[in-house]
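Listed below, chain by chain, are the residues.
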Amino acid sequence: MPLPQSSEASFNVSTLTSSDHDLAEKQDDGLSATPPDGGRAAWLTIAGAWMVQFCTFGYLNAFGVYQDFYVRDFLSHESPSNISWIGSVQLFLMYAPGVLVGHAFDSGYFHHVQIAGSILHVFSIFMLSLTHRDQYYQVFLAQGVGVGLGVGLLFIPSLSIVSHHFRNRRALATGIAVSGASCGGIVFPIMLNHLFALPDIGFANGVRTSGAVIAALLAVANIVMRTRLPPKRRSFSSVLNAKMLKRILSDGAYTWSNTGAFCTNLGLFVPFFYLQLFAADHGVDATVTTYILAILNAGSTLGRTLPVMLAPKLGVYNLLLAAVLTSAALIFAIFGATNTPGVIVVAVLFGFSSGAYVSLIPPLLGMLCTDLSELGLRMGLAFSLVGVSNLLGTPIFGALLSTGDGRTATGADDPLVWWKALVFAGVCIVAGGVCMAVSRTLFARARRRVPQALTRTA
């Protein structure tokens, strides 16, 4: 039975689990607790969040350019597997600090965290431009650890702040914000590829140019973004304790959705890391191979905006399930994408479906939140779990690409063993879809009990 998003957004299932004290507090502070769903401050905040997403997730989406340049030139003495860990650690650190960052957001330190993250992110990019050839540890510390931590401080708060200003239109607002990541994933790969190829600019100045663009955008973002709800300044131990964890984990819909996200993300980023390699390995035109990452992110741009516009009528869960299962089908479709038209079609469609999934997760978590003052913490717990998934997924995929004699695909005489790796990624995403379906069922059952709860408390 479809769940219309208007119904999902208009009544929060947390009414069943909130204490009488919390309910009374929300009623007394109704003006503060109800997002305005628009206004100048709200849309300026969305514009700032878009810039943050452009500079964080969008920049990480360009890692394929760095991977290619490091393998061929800058870190040519390192194995492609070792180099890929730089990108995996970046993704992990983007999500891993989620619990701490989420608590800081709930406690009213949004601007403090954003400024600190902006400084660290820009500083690390400029430090990357000073690294020396064949010094792997320098690149790993500057790009993997430094940029990863900077992005980790910026990413989750820029999504959580949307719920301060939007409720019924939260999915649309979030989709607009996260579309910045797709736009960054288009602009930065093209920019870096061209700058690295110019003899009078090269790697160092190319990285500095990207750092200057990010510094300017983050400065504007920090100026225009605004919080709205009053902070709840509580110690971390008073918030994240055994009682709190038990209450959060007893929320079946929330727990199953997190499990689904963990499984899905084990395979979701595989095309962003390996589709270019797959295309090159199957003799796809070199020009198309060079731009395949930009093509993938172009499809993601539409995927992050169109589904969230339809969410109020079709429902977040329904669209999310469609996005997950479509992504799984397209992973298996890669088997047939062995020519130029095939790889372009898969790239565009997978970009769309994966973009839809990414844009629908934050409004789903907001919809499942039992108390807006806990939103940052709940999103932090979810994204911390996803961070582990991102750290493990692509290295496992890379290990499954190993040839029969134990050598990796790059530079080996034997062909790549793609079928094992692609089956792993596809099955993981399917498992994620099953968990999301369970979460949807539990949410529907709880929502049907809401009228009964209201009758008892009337």
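Residues numbered from 1 in each chain as written. Predicted model: local features only at pLDDT ≥ 70, side-chain atom pairs only at ≥ 80, totals over all residues. Heavy atoms only, no water.

Draft legend 1. Structural view of unusual backbone geometry. Its identity as a non-glycine residue notwithstanding, D134 has a phi of 65°, on the positive side. Mapped onto the fold, D134 is located in the loop between α9 (110-129) and α10 (136-160). (Helix = DSSP H or I, 4+ residues; strand = E, 2+ residues; numbered from the N terminus.)

Draft legend 2. Seen up close, the pattern of salt bridges. Under the counting rule described, the total for this entry stands at 1 salt bridge. With a closest N to O distance of 2.1 Å, D73 and R133 form a salt bridge. Here R133 lies in the loop between α9 and α10 and D73 lies in helix α6 (residues 63-74), a separation of 60 residues in the sequence. (Salt bridge = Lys/Arg side-chain N within 4 Å of Asp/Glu carboxyl O.)

Draft legend 3. Region of interest: a nonpolar patch on the surface. Taken together, the side chains of F332, F335, W419, V423, V427, V430 and V434 present a nonpolar region at the surface, about 610 Å² in accessible area. Per element, the largest residue contribution to the nonpolar patch is 5 residues, and it comes from helix α23 (residues 418-457). By secondary structure assignment, the location of V430 is in helix α23. (Patch = residues over 30% accessible without salt bridge, like charges linked within 9 Å, V, L, I, M, F, W, Y side chains within 5 Å. Areas by Shrake-Rupley, 256 points an atom, 1.4 Å probe, with all protein chains shown as cover.)

Draft legend 4. Region of interest: the side chain of Q138. Relative to the assigned elements, Q138 resides in helix α10. On the accessibility criterion, Q138 (19% relative accessible area) is buried. Discounting residues that sit within four places of it in the chain, Q138 has contacts with T131 and H132. (Buried < 20%, exposed > 50% of the residue type's maximum accessible area, 1.4 Å probe, protein only. Contact = heavy atoms within 4.5 Å.)

Draft legend 5. Representation of the side chain of R440 within the structure. On the secondary structure map, R440 appears in helix α23. Looking at R440, its side chain comes within polar contact range of the side chain of N318, at 3.0 Å. (Polar contact = N/O pair within 3.5 Å; in protein donor to acceptor, adjacent residues only side chain to side chain.)

Draft legend 6. Broad picture of the environment of F155. Mapped onto the elements of the fold, F155 is located in helix α10. Not counting residues within four places of it along the chain, the set of residues in contact with F155 comprises Q53, T56, F57, M94 and Y95.

Draft legend 7. The arrangement of the packing of helix α4 (residues 40-55) against helix α12 (residues 170-197) in detail. Their axes nearest at 7 Å, the elements α4 and α12 cross at an angle of 30°. Crossing handedness for the pair α4 and α12: right-handed. In this structure, α4 contributes W43, I46, A49, W50, Q53 and F54 to the contact, and α12 contributes A173, I176, A177, V178, S179, G180, A181, C183, G184, V187 and F188. Grouping the constituent residues of the contact of α4 with α12 by class yields 13 nonpolar, 4 polar and no charged. (Axes fitted to C-alpha atoms, helices over the stretch in contact; angles between N-to-C directions. Left-handed = near helix turned anticlockwise from the far one by under 90°. Nonpolar A, V, L, I, M, F, W, Y, C, P; charged D, E, K, R; others polar.)

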